[in-house]
Amino acid sequence: MRVLVTGGAGFLGSHLCEELLKRGDAVICVDDLSTGRRDNIAGFIGDRKFAFLRADVSTALQVSGPLDVVAHLASPASPPDYHRLPLETLAVGSRGTENALQLAERKSARFLLASTSEVYGDPIVHPQTEDYCGNVSSVGPRSVYDEAKRFAEALTMAYARTHGVNVGIIRIFNTFGPRMRAEDGRVVSSFIAQALNGDPLTIYGDGEQTRSFCYVDDLIRGILAMLDGDETGPVNLGNPVERTVLELAELVLGITGSSSPVEFHQRPVDDPSRRRPDITLAASALGWEPRVSTEEGLQHTIRYFRSHRREVSAAAESLAGAQFEGTPARESLPADRSPLASPA
Ligand code: NAD
Ligand code: UDP
């Protein structure tokens, strides 16, 4: 196959490019490097089946030759990134998605949209099934991402219904792994970097909010199954094992052997209080389920971060200074009074 991956130099996009190349597909990666990195794709730059095009897909998207699939992953994804790039996030979810859909239509290619569990907002239905319509603020600080993705889903379905484009929508739940940027502000990368630097782990709110963390290899297998099939979706892809943020902190401290304390900060506005995918549809339609536990995934990711010490050290300042518009901070506790401290 010949596959175009928008956002291919990002965390997930670079893993997708790598897996496609491994199985013999040709890959065109289009990325503006706004939140991605050349380093992520440095390993395949010399591969004759790989081409990199630096471009903003919100402006235009044209390539010559046939395409079998357009996989649209371009978008800031970390909350600090989309808070920093609000208009760009809305643009890539709307104009960027339409440019990618039009390209798929011109090439008679399958179109795959990387949507998100954020379309469920702060969910009232738990775990989240695909037919749940969500609880989303259209004006809050997260709306630039949530509504961009909701619009992208609507546009994708409109192109399927109106122009007969072969589309597939996946809703990705929190995924982590090697190639996350140490300073990108997401909870897994932040906690690992802070633990390795010996800095306090920044817990937003009381840490009782939950997420379900999927390891990147599992997610990419799911994306490939969706890309190879003809399921329209939307299909949830994520690991259904739910953890509190405090439990995650505990896991990271345990695996790294770090004695960093935890520190409580204000909770971002509209931060979802719980999140867990129902993956019944992914199992039946794609034969997919995760195989890697959060613990094992963390071990791989921590090994990667340990091998990128300079980048991890450089992230310290931006992670300590991360500020959100949010609810008041809880009092910070010294390490021996932290909820993670062992009983005396
Ligand atoms: P990322 O920030 O590492 O990757 C996004 C990539 O898109 C970057 O390389 C960035 O430079 C590129 N990009 C952004 N705007 C662009 C534009 N206008 N033109 C060209 N390139 C552009 O994030 P990620 O975690 O790899 O996420 C990839 C996709 O998966 C995103 O669409 C995101 O919404 C979705 N997703 C990710 C997660 C997750 O947990 N990682 C969860 C839900 C959804
Ligand atoms: N979080 C945290 N400390 C951090 C970064 C994030 O406690 O340094 C929390 C955040 O408030 C949220 C959860 O961890 O409840 C997951 O945040 P992340 O930004 O990774 O992803 P998302 O909110 O998009 O699910």
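Check the entry above for the structure.
Bear in mind that the values here come from a model prediction, so they are computed numbers and not experimental data.

Parameters and conventions
Residues numbered from 1 in each chain as written. Chains lettered and ligands numbered in written order. Predicted model: local features only at pLDDT ≥ 70, side-chain atom pairs only at ≥ 80, totals over all residues. Heavy atoms only, no water. Core = buried A, V, L, I, M, F, W, Y, C linked by side-chain atoms within 4.5 Å. Buried < 20%, exposed > 50% of the residue type's maximum accessible area, 1.4 Å probe, protein only. Contact = heavy atoms within 4.5 Å. Near = heavy atom within 4 Å. Polar contact = N/O pair within 3.5 Å; in protein donor to acceptor, adjacent residues only side chain to side chain. Areas by Shrake-Rupley, 256 points an atom, 1.4 Å probe, with all protein chains shown as cover. Helix = DSSP H or I, 4+ residues; strand = E, 2+ residues; numbered from the N terminus. Nonpolar A, V, L, I, M, F, W, Y, C, P; charged D, E, K, R; others polar. Axes fitted to C-alpha atoms, helices over the stretch in contact; angles between N-to-C directions. Parallel < 35°, antiparallel > 145°, perpendicular 65-115°, else oblique. Left-handed = near helix turned anticlockwise from the far one by under 90°. Pairing = 2+ DSSP bridges. Salt bridge = Lys/Arg side-chain N within 4 Å of Asp/Glu carboxyl O.

Colleague: Help me understand the nonpolar core, please; the structure alone is not making it clear to me.
Modeller: In terms of nonpolar packing, the biggest core is built from 66 residues, with L16, I223, L237 and L298 touching the most fellow members. Ignoring sequence-local partners within four residues, the contact set of I223 consists of L16, L112, I170 and L237. One finds L4, L67, L101 and A109 within the second-largest nonpolar core, a separate group that totals 24 residues.

Colleague: Please explain the site of ligand 1 as it appears in this structure.
Modeller: Around ligand 1 sit 29 residues, and of these L12, D31, T35, Y145 and K149 come closest. At a separation of 2.8 Å, an oxygen atom of ligand 1 approaches a polar backbone atom of L73. Burial of ligand 1 by the protein chains amounts to 96% of its free accessible area of 820 Å². Listed by contribution, the elements that provide at least two residues to the shell around ligand 1 are α1 (11-22), β5 (110-116) and α5 (143-163). In terms of residues, the shell around ligand 1 owes the most to one element, β5, which gives three residues. By residue class, the composition of the shell around ligand 1 is 13 nonpolar, eleven polar and five charged.

Colleague: Would you mind showing me how to read the side chain of T116 here?
Modeller: Counting through the fold element by element, T116 comes out in strand β5. Exposure remark for T116: the relative accessible area of 5% places this residue in the buried category. There is a polar contact of 2.9 Å between the side chain of T116 and the backbone nitrogen of E118. In contact with T116, other than residues within four places in its own chain, are Y145, K149, I170, R171 and I172.

Colleague: Would you mind going over unusual backbone geometry with me for this structure?
Modeller: Peptide bonds are trans in most cases, and residues, glycine excluded, mostly fall at negative phi. At the junction of H126 and P127, the peptide bond is cis and its omega measures out at -10° in the coordinates. Tracing the chain through its elements places P127 in the loop between β5 and α5. Note that the residue after G233, namely P234, is joined by a cis bond; omega there is 0°. Position of P234 among the secondary structure elements: in the loop between α7 (216-228) and β11 (235-237). Non-glycine residue L33 carries a positive phi angle of around 60°. Of note, L33 is situated in the loop between β2 (26-31) and α2 (38-41). For D270, which is not a glycine, the phi torsion comes out positive at approximately 65°. With respect to the helices, strands and loops of the structure, D270 is situated in the loop between β13 (262-265) and α9 (280-286).

Colleague: Explain the packing of helix α4 (residues 86-107) against α5 here, please?
Modeller: To characterise two packed helices, one gives the angle between the axes of the helices and the distance between these axes. Where α4 meets α5, the closest approach of the two axes is 9 Å, and the angle between their N-to-C directions is 15°. For the element pair α4 / α5, the angle class is roughly parallel. The two elements α4 and α5 cross, and the hand of that crossing is right-handed. Note on element contacts: α5 touches α4 through V144, Y145, A148, F151, A152, L155, T156, Y159 and H163, opposite P86, T89, L90, G93, S94, T97, E98, L101, Q102 and E105.

Colleague: Mind showing me how you'd approach the sheet that holds strand β6 (residues 167-172) here?
Modeller: Pairing between sheet strands relies on hydrogen bonds along the backbone, with the strands arranged either parallel or antiparallel. Strand order in this open sheet of seven strands is β3-β2-β1-β4-β5-β6-β11, and the pairing throughout is parallel. Lying at the two open borders of the sheet, with one neighbouring strand each, are β3 (50-54) and β11. Going across the sheet, the axis of each strand differs from the next one's by a mean of 20°, ignoring polarity. Pairing between β5 and β6: six bridges, direction parallel. Across the sheet, residue F111 finds its bridge partner in β6, namely V167. Of the strands in this sheet, β1 (2-6), β2, β3, β4 (69-72) and β6 touch α1, which is tilted by about 170° from β1.

Colleague: Which parts of the structure should I look at to understand the site of ligand 2?
Modeller: The immediate surroundings of ligand 2 are formed by 18 residues, with V187, T202, R211, D271 and R275 found nearest. At a separation of 3.1 Å, an oxygen atom of ligand 2 approaches a polar side-chain atom of Q209. Between D271 and ligand 2, the recorded distance is 2.8 Å, taken from a side-chain N or O atom to an oxygen atom. Secondary-structure elements contributing two or more residues to the shell around ligand 2 are α6 (187-197) and β8 (201-204). Partitioning the shell around ligand 2 into residue classes produces seven nonpolar, five polar and six charged.

Colleague: Sorry, what's going on with the pattern of salt bridges here?
Modeller: The tally for this structure, following the rule as stated, stands at 19 salt bridges. Residue R23 is joined to D228 by a salt bridge in which the shortest nitrogen-to-oxygen separation is 2.8 Å. With R23 in the loop between α1 and β2 and D228 in helix α7, this pair connects stretches of sequence that are 205 residues apart. A residue is classified by how much of its surface remains accessible, and D228, at 46% relative accessible area, is partly exposed. D81 is paired through a salt bridge with R84; the nearest N and O atoms lie 2.9 Å apart. Taken together, the residues D81 and R84, both in helix α3 (residues 79-84) and three residues apart, mark about one turn of the helix. By relative accessible area, which is 4% here, D81 ends up buried.

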